[in-house]
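# Breakdown of the fold
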2 protein chains.
Amino acid sequence: MAPRTRLTDVAEQAGVSTATVSRVLNGKPGVAEETRRAVLAALDLLGHERPEKLRARSAGLVGLIVPELTNPVFPAFAQQVETHLADRGFTPLLCTQTPGGVTEDQYIELMVDHHVDGIIFVSGLHADSQADISRYEHLTSLDIPFVTINGTNPRLLVPAFSIDEPCSMEIAVRHLHSLGHRRIGLATGQERYIPTQGKIRGFRRAMKRYCEVDNPPIVNTLFTLEGGRAAAGILLERGCTALVCGSDLMALGAVHQARSRGLEVPTDISVIGFDDSPLFAFTDPPLTTLRQPVETICRAAVTTLLTMIEDGPVPRMEMVFVPELIVRGSTGAAHAAKETP
Amino acid sequence: MAPRTRLTDVAEQAGVSTATVSRVLNGKPGVAEETRRAVLAALDLLGHERPEKLRARSAGLVGLIVPELTNPVFPAFAQQVETHLADRGFTPLLCTQTPGGVTEDQYIELMVDHHVDGIIFVSGLHADSQADISRYEHLTSLDIPFVTINGTNPRLLVPAFSIDEPCSMEIAVRHLHSLGHRRIGLATGQERYIPTQGKIRGFRRAMKRYCEVDNPPIVNTLFTLEGGRAAAGILLERGCTALVCGSDLMALGAVHQARSRGLEVPTDISVIGFDDSPLFAFTDPPLTTLRQPVETICRAAVTTLLTMIEDGPVPRMEMVFVPELIVRGSTGAAHAAKETP
């Protein structure tokens, strides 16, 4: 491709003039940082190589541990953390797990060996109320700063960023209650996970408040399609007309379970997911879900970690983020006839 | 949770006896490797920590570079490479890019600095026919073995693993032809990418062979939802009744474009995607797509790279993999009335 064409393409993609693109590519001053980034992003998006002179040496290495990549919310966390680290000149070291594969402890060992400047744990063992915390104490003893995302562990004295789980359940139950549902069930992961405990607490409280139900049906399986299918089977047997699920994958499993019993979503059964990512707008039905504000969480976590790396320890803090209810097509009005207790 | 309950849970999940689980957890001999792995996978899946004694030191570090994680096929590649590396005791170092973020060259530099034993490139700059190959020659000069996945670059003398792109187009066109379609368009990425070139070549050949069409409509945009939407707009204007798309995200964009023009999929327009991942069975409509055999490709790539790491250079080789056509709900019979040229 001729240079001129490339300049025009990049300018169009970035929404700036070709003169600005040229200034950025030649490393000239007088371009706002935001504009500079837009030009680099356009260059990358169109697959062009960056000029050699724009390549800066990394400011440092930050480890990122995610549990897996099957649930699209974890790739989204990885992408957002990468973006925010790169903005500050840091390079991410992404560690992802698969069942039977490399464990969190092996990754921690790797990171220590490779002198990372800090670590971000997303839904790691810190979120398991029964897991040993000595692995994290070990990092503190080595003066390696770290922060946790989701599942704030009260035993760890580090900055923690998480979804307001009780509040998320309040939002879900309120939505379903407003649609006339009273028999609402919760399908979520295992109870020893701290996020699950928060969901259960919030769900119980919301069901008491809105539906005057004392012991609402709750089933704990796994955060997967299969887990959702299994949990929905039990909850439908118990007469639920609406299901709140602990992940979007569980919600798709619940939809599948409902349909295999001849029930329609949302005509007969309403389903709410949790996490959200762009693909869930294209599912059948498009999924109503509680969106984790992934970008906001990652920005806060990265900013805090880099402060710790650059300026030393910060006080223990917990930041909670309220999810947004994205109403799509998997929730609808309850049938009056089915609502007689 | 009491140890007894955990043993039973793990045994059930792994489909083995509690005695076998106990043997594995205590590192006793007499358990087949496959069974041992099933038990470890069950332990991980249920979120239990592995006993300290089972933690082995890593055999080495292998870098994995993927272009991004938004298209679910890339997280799938990352997961599969991780699984196969972990099976052999190696630890993956996953590097993912975002527009404007850390570049492939910066990651290569990082990997060299951290003494990786080898690198796997998935759809990297090697797949861009216009990109400089000096970055790869540099690795060869440093004796760092690497292999490439997708987009076999004829200028690189390393083992390359890729989808048989021309064959994939043959399969897609044959399927659409058998449904009565004759006006078929191809929506794919930019022409300088080697996989795109293969698709275009195969598409032209198949359209000639099955539909006796010499210059079938082809639109090159980006492999994204927006890219699919834009390309579909042009192809629909040109009277296509069926669209073959270069990625599943493009296909969803094409469905969106068709619907925004009041057309139904597959009643009025058939759409085929490319890549596949479990979520595309749940889209509306469930997507007919060409599935990349991700697991098979990753196993071959990892095995070859580890041979190079352990036994030295292997001859340049190219392995091509034929995708499977997964027929779901986005393709259907062409309307006879619309097929009059």
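None of these values were measured; they are calculated from a predicted model. (Residues numbered from 1 in each chain as written. Chains lettered and ligands numbered in written order. Predicted model: local features only at pLDDT ≥ 70, side-chain atom pairs only at ≥ 80, totals over all residues. Heavy atoms only, no water.)

With that settled, consider the overall build of chain A. From N to C terminus, chain A includes eleven helices and twelve strands. When its C-alpha atoms are laid out on the principal axes, chain A stretches across 70 × 50 × 35 Å. Sequence separation of 24 or more characterises 72% of the internal contacts of chain A that already satisfy a separation of 6 or more. Each charge class in chain A was averaged separately, 32 positive and 39 negative side chains, and the resulting centres sit 4 Å apart. (Helix = DSSP H or I, 4+ residues; strand = E, 2+ residues; numbered from the N terminus. Contact = heavy atoms within 4.5 Å. Lys, Arg positive; Asp, Glu negative; His and termini not counted. Charge placed at Lys NZ, Arg CZ, Asp CG, Glu CD.)

Quick look at the relation of the copies chain A and chain B now. Rotating chain A by 180° and translating it 0.0 Å along the rotation axis places it on chain B, where the RMSD comes to 0.0 Å. Taken together, the rotation and translation relating the two chain copies correspond to the operation of a two-fold axis. The C-alpha atom lying nearest the rotation axis in chain A is that of Thr283 of chain A; the distance is 1.9 Å. Comparing interface residues between copies, 98% of those in chain A also lie at the interface in chain B; the contact surface is shared. (Least-squares fit on C-alpha atoms with pLDDT ≥ 70 in both.)

Let us now look at the pairing of strand β9 (residues 270–275) of chain B. In the case of a regular strand, side chains alternate between the two sheet surfaces. Residue and element names in this part refer to chain B. Among the six residues in β9, six count as buried, and that is most of the element. Pairing geometry for strand β8 (residues 242–245) and β9, over three bridges, is parallel. By the bridge assignment for β9, Leu243 is matched with Val271. Following the chain from β8 across helix α10 (residues 248–260) to the adjacent parallel β9, one finds a crossover that is right-handed. In the sheet, β9 pairs with strand β10 (residues 288–291) via four bridges, with the strands oriented parallel. Counterpart to Phe274 in the pairing with β10 is Leu290. (Buried < 20%, exposed > 50% of the residue type's maximum accessible area, 1.4 Å probe, protein only. Pairing = 2+ DSSP bridges. Right-handed = clockwise from strand over helix to strand, strands pointing away.)

Attention now moves to the packing of aromatic side chains. Overall, the coordinates contain six aromatic pairs over all chains when judged by the stated rule. Between Phe121 of chain B and Tyr136 of chain B, the aromatic rings sit 5.0 Å apart at their centres with planes inclined by 85°, giving edge-to-face as the arrangement. Linking Phe121 of chain B in strand β3 (residues 118–122) with Tyr136 of chain B in helix α6 (residues 134–141), this pair joins segments that are 15 residues apart in sequence. Overall, Tyr136 of chain B belongs to the buried group, its relative accessible area being 0%. The rings of Phe121, Tyr136 and Phe146 of chain A are connected pair by pair, giving a single aromatic cluster. The residue whose ring lies beneath Lys199 of chain A is Phe274 of chain A, and the NZ or CZ to ring-centre distance is 4.1 Å. (Phe/Tyr/Trp six-rings, centres within 6.5 Å; stacked < 30°, edge-to-face > 60°. Lys NZ or Arg CZ within 6 Å of the ring centre and 35° of its normal.)

Its place among the elements puts Glu212 of chain A in the loop between α8 (194–211) and β7 (218–220). Residues Glu212 of chain A and Arg182 of chain A, 30 residues apart in the sequence, show an inter-C-alpha distance of 8.9 Å.

Residues and elements named next belong to chain A. Burial of strand β2 (residues 90–96) is extensive: seven of the seven residues sit out of reach of the surface. Burial along β2 is two-sided: Phe90, Pro92, Leu94 and Thr96 facing one way and Thr91, Leu93 and Cys95 facing the other are all buried. When strand β1 (residues 60–66) meets β2, the two strands line up parallel, connected through seven bridges. In the sheet register, Val66 faces β2, and the bridge partner there is Thr96.

In this section: the domain arrangement of chain A. Segmentation of chain A into domains returns domain 1 (3–54), domain 2 (60–163 + 293–323) and domain 3 (165–291 + 325–339). The centre of domain 1 of chain A, based on its C-alpha atoms, is set 32 Å off from the matching centre of domain 2 of chain A. (Domains from an automatic or database assignment.)

Take the environment of Ala187 of chain B next. Residue and element names in this part refer to chain B. By secondary structure assignment, the location of Ala187 is in strand β6 (residues 184–188). Here the alpha-carbon distance between Ala187 and Gly246, two residues 59 residues apart in the chain, equals 6.2 Å. When sequence neighbours within four positions are dropped, the list of residues in contact with Ala187 reads Val219, Ala231, Leu235, Val244, Cys245, Gly246 and Met250.

Residue and element names in this part refer to chain A. You can see Ala14 is positioned in helix α1 (residues 3–14). Along the backbone, Ala14 and Ala172 are 158 residues apart, and their C-alpha atoms lie at a distance of 38 Å. When near neighbours in sequence (up to four residues on either side) are disregarded, Ala14 contacts Ala38, Val39 and Ala42.

A word on the confidence of the model for chain A. All names here are of chain A. Here chain A averages 91 in pLDDT, while 95% of its residues score no lower than 70. In the model, residues 337–341 has pLDDT below 50 throughout and makes eleven contacts with residues more than four positions away in sequence or in other chains. Both confidence scores are given for the complex: pTM 0.86, ipTM 0.84. (pLDDT = per-residue confidence, 0-100.)

With that out of the way, let us pick up the sheet that holds strand β6 (residues 184–188) of chain A. Residues and elements named next belong to chain A. Strands sit in the order β7-β6-β8-β9-β10-β12 across an open sheet of six strands; the sheet is mixed. Strand pairing shows two members of the sheet lacking a second neighbour, β7 and β12 (324–326), which therefore form its edges. Neighbour-to-neighbour, the strand axes of this sheet turn through a mean angle of 20°, independent of strand direction. Together, β6, β8 (242–245), β9 (270–275), β10 (288–291) and β12 form the strand contacts of helix α7 (residues 165–178), whose direction differs from that of β9 by roughly 155°. (Axes fitted to C-alpha atoms, helices over the stretch in contact; angles between N-to-C directions.)

A few words on the side chain of Arg135 of chain B. Along the chain, Arg135 of chain B turns up in helix α6. At a separation of 2.8 Å, a polar atom in the side chain of Arg135 of chain B contacts the main-chain carbonyl oxygen of Asp132 of chain B. (Polar contact = N/O pair within 3.5 Å; in protein donor to acceptor, adjacent residues only side chain to side chain.)

Residues and elements named next belong to chain A. For helix α4 (residues 73–87), which comprises 15 residues, the first-to-last C-alpha distance of 21 Å matches the rise-based estimate of 21 Å (1.5 Å per residue) to within 8%. With eleven of 15 residues buried, α4 is to be regarded as a mostly interior element. Along α4, the residues classified as buried are Val73, Phe74, Pro75, Phe77, Ala78, Gln79, Val81, Glu82, His84, Leu85 and Ala86. Within two residues after α4, Gly89 carries a phi angle of roughly 85°, on the positive side. (Expected span 1.5 Å × (residues − 1).)

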